[in-house]
Amino acid sequence: MRVNTLRIELTCNGRTLVMGPGEDIDITKVSGLESSELEISTSDNALLDGVSVNGKKIGKRTIHIEAKFRNSRNNPENRAAVIKFFNPKYEGKALITNMGISRNIEYELEGWTFVEQRNLNTRLGIVVDLICPDPYMLNVDNFGKNMAHYTAQFHFPWHSLAKRATNKNQYPEMVRGLMLGGIITGYRTLHKEVALPNDGDVPTGVQIQFVAKRGNVKNPKITSIKTGQFMRVVCDMKMGDVLLVDTDMHHQIVELNGVNFYHHIDRQSEPFELNVGNNYLEYDADENYVNLDVNLYYRPKYLGV
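Residues numbered from 1 in each chain as written. Predicted model: local features only at pLDDT ≥ 70, side-chain atom pairs only at ≥ 80, totals over all residues. Heavy atoms only, no water.

A. Up close: the side chain of N295. Take N295: it is sitting in strand β23 (residues 292–298). At 2.7 Å, the side chain of N295 forms a polar contact with the side chain of Q209. Residues in contact with N295, not counting those within four places in the same chain, are K145, N146, Q207, I208, Q209 and V211. (Helix = DSSP H or I, 4+ residues; strand = E, 2+ residues; numbered from the N terminus. Polar contact = N/O pair within 3.5 Å; in protein donor to acceptor, adjacent residues only side chain to side chain. Contact = heavy atoms within 4.5 Å.)

B. Broad picture of the sheet that holds strand β19 (residues 242–246). Within the open sheet, the six strands sit side by side as β11-β23-β15-β19-β20-β21. Their pairing is antiparallel. Every other strand in the sheet has two partners, leaving β11 (143–146) and β21 (259–260) as the edge strands with one partner each. In this structure, β11 lies alongside β23, joined through four bridges in antiparallel fashion. When the bridges of β23 are listed, G144 appears paired with Y297. (Pairing = 2+ DSSP bridges.)

C. Representation of the environment of N71 within the structure. Mapping N71 onto the fold places it in the loop between β6 (61–69) and α1 (75–85). Here N71 falls in the partly exposed class, since its relative accessible area comes to 26%. Here R73 takes part through its backbone nitrogen, which lies 3.1 Å from a polar atom of the side chain of N71. (Buried < 20%, exposed > 50% of the residue type's maximum accessible area, 1.4 Å probe, protein only.)

D. Highlighting the nonpolar core. Counting 31 residues, the largest nonpolar core has I8, L10, F86 and I96 as its most contacted members. Among the elements of the structure, β1 (6–12), β2 (15–19), β3 (25–31), β6, α1, β7 (92–98), β8 (101–114) and β9 (125–132) are those that each provide at least two residues to this core. Beyond its immediate stretch of four places on either side in the chain, L10 contacts R15, T16, L17, M19, F85, F86, K93, A94, Y107 and L130. In terms of nonpolar packing, the next biggest core, distinct from the first, is built from 28 residues, L243, V245, L256 and L296 among them. (Core = buried A, V, L, I, M, F, W, Y, C linked by side-chain atoms within 4.5 Å.)

E. Seen up close, the confidence of the model for the protein. In the predicted model, the protein carries a mean pLDDT of 86, and 84% of its residues have values of at least 70. Per-residue pLDDT stays below 50 along residues 150–165; that stretch engages in 35 contacts with residues further than four places along the chain or on separate chains. Overall, residues 170–188 carries pLDDT values under 50, and its contacts beyond four positions in sequence, including any with other chains, amount to 45 contacts. (pLDDT = per-residue confidence, 0-100.)

F. Summary view of the pattern of salt bridges. All chains considered together, the criterion is met by ten salt bridges. K60 is the salt-bridge partner of E37, the closest N and O atoms lying 3.5 Å from each other. Note that E37 is positioned in the loop between β3 and β4 (38–44) and K60 in the loop between β5 (51–58) and β6, a separation of 23 residues in sequence. Overall, the relative accessible area of 35% leaves K60 in the partly exposed class. As a salt-bridge pair, R214 and D293 come within 2.7 Å of each other at their nearest N and O atoms. Here R214 is found in the loop between β15 (206–212) and β16 (217–224), whereas its partner D293 is found in strand β23, with 79 residues between them in sequence. By relative accessible area, D293 is classed as buried at 8%. (Salt bridge = Lys/Arg side-chain N within 4 Å of Asp/Glu carboxyl O.)

G. Fine view of the packing of aromatic side chains. Overall, the coordinates contain five aromatic pairs when judged by the stated rule. Geometrically, the ring pair formed by F85 and F86 is edge-to-face, given 5.0 Å between the ring centres and 85° between the ring planes. As far as burial versus exposure is concerned, F85 and F86 are alike and both buried. Between W112 and F114, the ring centres sit 4.9 Å apart and the planes meet at 80°, which makes this aromatic pair edge-to-face. W112 gets classed as partly exposed once you look at its relative accessible area, which sits at 25%. The side chain of R103 reaches across the aromatic face of Y302, ending 3.6 Å from its centre. Positioned above the aromatic ring of F230 is the side chain of K221, whose terminal nitrogen or guanidinium carbon lies 4.5 Å from the ring centre. (Phe/Tyr/Trp six-rings, centres within 6.5 Å; stacked < 30°, edge-to-face > 60°. Lys NZ or Arg CZ within 6 Å of the ring centre and 35° of its normal.)

Here it is as C-alpha cells:
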C-alpha cells in the first residue's frame with residue numbers, strides 16, 4: 001500500500017495518536033486495511049472430486065502498523081506519550097483516510113512495541129497490531145431521515161400578515177386577493193414510505209426512533225417493503241415518549257425512554273437490515289400514526305479502504 005497517501009488517527013480513552021502526512025509520525029508499513037480474514041466451511045464429497053462449500057464467514061480484521069517519528073528531538077516525551085496511549089484496558093477507534101476516502105473502525109489492542117534503538121539519537125519507531133472484532137469499515141457519516149417532517153416556507157422579502165386581508169390593495173402584490181389570517185412558516189409532510197440507499201458492500205442495521213410528538217400512539221410499526229420483514233412494538237406511547245429500535249445484528253435494542261423494552265416486541269417481528277442498494281421502509285401504528293415523528297439512522301459498511 002502507498003503509505004504516503006495514508007493517514008491513521010487512533011482514539012482511545014480520550015487520547016489521540018495521529019500518523020501520516022503532515023504529522024509527527026510517518027507510516028512506513030501497514031496491512032489489513034483492504035480485507036479481513038475469510039472463513040470458508042467445507043465438507044468432503046464421498047464420490048465426487050473436490051469439496052462442497054457449506055458457508056462463508058468474514059472473520060476478524062487484523063491491522064498491522066509500522067511507524068516512525070520524524071525526528072528524535074523529543075524522544076523522551078514521545079516515548080512516554082506512546083506508552084500512556086497504548087493501554088490494552090480500553091477499546092479504541094481508528095479513523096483511516098486513504099486516497100481521499102475516510103472510514104471508521106473500532107479496535108482492540110493486540111500488542112505493540114518500540115523498534116529497537118541503536119542509540120538515544122535514533123528516531124523512535126513503533127510496531128502496532130490491532131484486532132477489529134467487527135471487521136467492517138464504517139462510513140464516517142451517520143445518515144438520517146425524518147419520515148414526517150416540516151417543509152420550510154420562509155422566503156425573502158418576508159411579509160408577516162397579522163390580520164385578515166380586507167382590501168386587496170392593502171398588501172403587497174404577492175398576497176393581493178388572498179384571505180390570510182396569520183403567519184405560515186412551514187407545512188408538515190407525511191411520508192409513510194421512504195427510500196434509504198445503502199452504497200456499502202454488505203447489509204447494515206438501521207436505528208428507528210419513534211417520537212410521539214403530537215399525542216398518544218398505539219403499537220408503532222416499521223416494515224421493509226421489499227422483504228415484508230417488520231418490527232412492531234406493543235405499547236401505548238404517550239405524548240413525548242421516545243421508542244428506539246436498533247436492528248443491528250450485533251446489538252439489537254428496543255428501548256422506551258431509555259429503558260429496555262425488548263420483551264414488548266410483537267412475536268411475529270423480525271429484525272431486518274438495509275440491503276445493498278435502495279431500500280424502502282414504511283411506518284404505521286394501530287392508532288394515531290399521524291402523531292409520530294419517525295427518525296431513521298444508519299451507517300453503510302465496507303470491506304476495506
